[in-house]
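For reference, the chains in residue letters:
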Amino acid sequence: MKESLSERDAKVIWHPYTQHQNFGLTIPIVKGEGALLFDEAGNSYIDAISSWWVNLHGHANPYIADKIYKQALTLEQVIFTNFTHEPAVSLAERLIQILPGKPAKIFFSDNGSTAVEVALKMAIQFWLNKGVKGRNKILAFEHAYHGDTFGAMSISSRGLFTNAFRELLFDVIFIETPDAENLDRIKSVIESHKEQIAAFIYEPLLQAAGGMRMYEAKQMDNLLISIRLQKILCIADEVLTGFGRTGTLFASESISTPADMICLSKGLTGGFMPLGVTACSQSIFDAFLSDDRAKTFFHGHSYTANPLACTAGLASLDLLLEKSCLNRIKEIQHQHEQFVEKELSKVSGDYFINIRILGTVLAFELNSGKNDYANQVGIEIMKLALLQGIYLRPLGNTIYLMPPYCISTEQLKRIYRFILEIPFRLKGGKYESVRV
């Protein structure tokens, strides 16, 4: 008997963020179209989290696919040291035009973690190149997540994701996200370390992997103004928040104080191909110009500025900047707001707590056990949702929606209906299937 794709997978593949001991078989996806994923049995699933927050315009978007195909017939890859190419230059030009603070240079890498690593290395070497000793500490937020490579892990919250490597991570100065009550206390911490801090890295307005934690732009602005006065470099990690997720093209648009560097990935190519970007100011770039070769930024990747990935990025920008897409982002936020106001907030019992919305992101905690990524209720909810043709992947008991912008009003309504049924389903109740 022929083995299924899932059975073959189980023999040879180790999946990310997966405890395989009791995992069972993966779902074999054979096709994607719009906001839907299709398995080999023909079942469809609404991709309510944009396949780990990367997909903007839907799966197998024909416009992006066609652009990649045509580029593949012309130039698929070239080393990016002595050479350049049109897709990379065009993408850099377009990003510089729309990024907050109007950065001067674009450095390409291949994912969010590497975009962050690049920024960290730039920041630390910036001070060395300028002859300033001792400025080698990084300032970061508690509950942060910046990636899974060692530098990115070091500046992320210590916890379940990083415990196995704790002794190998470099020391970081962690502070709370700012509010009216703690701002003075945070400033005091920074004041005591100001001569040591090379850079401050932050996820603007939304700490996603940390539990979809949201904080106000006003207090963040106050904090950044204080930090800039200490001549500390600022790094905005917009790997998730970029390209419309928070309601504006970039979350940093809501903050008046610009960053010196901006990290991008995830939605950069519309979810088609891996690509990372670290944008920086002219002053950062100038610190690396020298006849002394030791002041060169010695960093690169085999697939730096891959022409196919850059082409996908350009095509995704074409779609993102269309009026219809920008309007759809607003419509998704409005639909979230209407659902919360008219339905979710009126559910009897204290099941749904800390309900919050930022742009296309809707999040809340299920009042079941500890607020923690390891809370097993998230796995239960994921399984229940899959039975109804919906893919959710809660962060423990934090349930969130972050759909691709092509999701239909009816598809969102199906997800909302499932959410309202969660308390009943967890108690073993049965509802009529909402799969169509």
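Coordinates for the structure precede this section.
Here is what the cut-offs are and how they apply
- Along every chain, residues carry numbers that run from 1 in the direction the sequence is written.
- Local features in a predicted model are, by the rule used here, given only for residues with pLDDT of at least 70; side-chain atom pairs are given and counted only at 80 or more, and totals for whole chains, interfaces and linings are based on all residues.
- Side-chain metrics rest on all non-hydrogen atoms present in the structure, leaving aside hydrogens and water.
- Should DSSP find at least two bridges between two strands, the strands are regarded as paired.
- Only DSSP runs of H or I reaching four residues or more are called helices, and only runs of E reaching two or more are called strands; each is numbered from the N terminus.
- Among buried residues, those of type Ala, Val, Leu, Ile, Met, Phe, Trp, Tyr and Cys that are joined through side-chain atoms within 4.5 Å constitute a nonpolar core.
- Three labels apply to residues, based on accessible area from a 1.4 Å probe with only protein chains included: buried if under 20% of the type maximum, exposed if over 50%, partly exposed otherwise in between.
- Contacts: residue pairs with any heavy atoms within 4.5 Å of one another.
- Take a side-chain nitrogen of Lys or Arg and a carboxyl oxygen of Asp or Glu: if they are within 4 Å of each other, that pair is a salt bridge.
- Here, two cysteine sulfur atoms that lie within 2.5 Å of each other are counted as a disulfide.

### Thoughts on the pairing of strand β1 (residues 29–33)
Of the strand pairs in this sheet, β1 and strand β2 (residues 36–39) are connected by 4 bridges, and their pairing is antiparallel. Residue E33 lies in a different strand from β2, and its bridge partner there is L36. A loop of 2 residues connects β1 with β2, the two strands running antiparallel in sequence, and G34 in this loop sits at a positive phi of about 60°.

### Things to note about the nonpolar core
Grouped together as the largest cluster of nonpolar side chains are 89 residues, with contacts concentrated most on L95, F108, F200, Y202, M212 and L223. Per-element accounting of this core gives the leading share, 6 residues, to helix α13 (residues 409–426). What F108 contacts, discounting residues up to four positions off in sequence, is F80, A88, L91, A92, L275, G276, V277, T304, A305 and C310. In this structure, F107, M122, I155 and V172 belong to the second largest nonpolar core, which totals 28 residues.

### Focus on the pattern of salt bridges
Overall, the coordinates contain 11 salt bridges when judged by the stated rule. Of the charged contacts, one joins R356 and E365 as a salt bridge, the two residues approaching to 2.8 Å between their closest N and O atoms. Judged by its relative accessible area of 6%, E365 is buried. Of the charged contacts, one joins E421 and R417 as a salt bridge, the two residues approaching to 3.1 Å between their closest N and O atoms. Of this pair, E421 and R417 both sit in helix α13, 4 residues apart, which is roughly one turn of the helix. With a relative accessible area of 37%, R417 lands in the partly exposed category. Here the residues in one salt-bridge network are R417, E421 and R425, joined through shared partners.

### What about the state of the cysteines?
Counted by the stated rule, this structure contains 0 disulfides. Free of any disulfide, C234 has its nearest cysteine sulfur in C263, 12 Å distant. Between C310, a free cysteine, and C280, which holds the nearest cysteine sulfur, the sulfur-to-sulfur gap is 16 Å.

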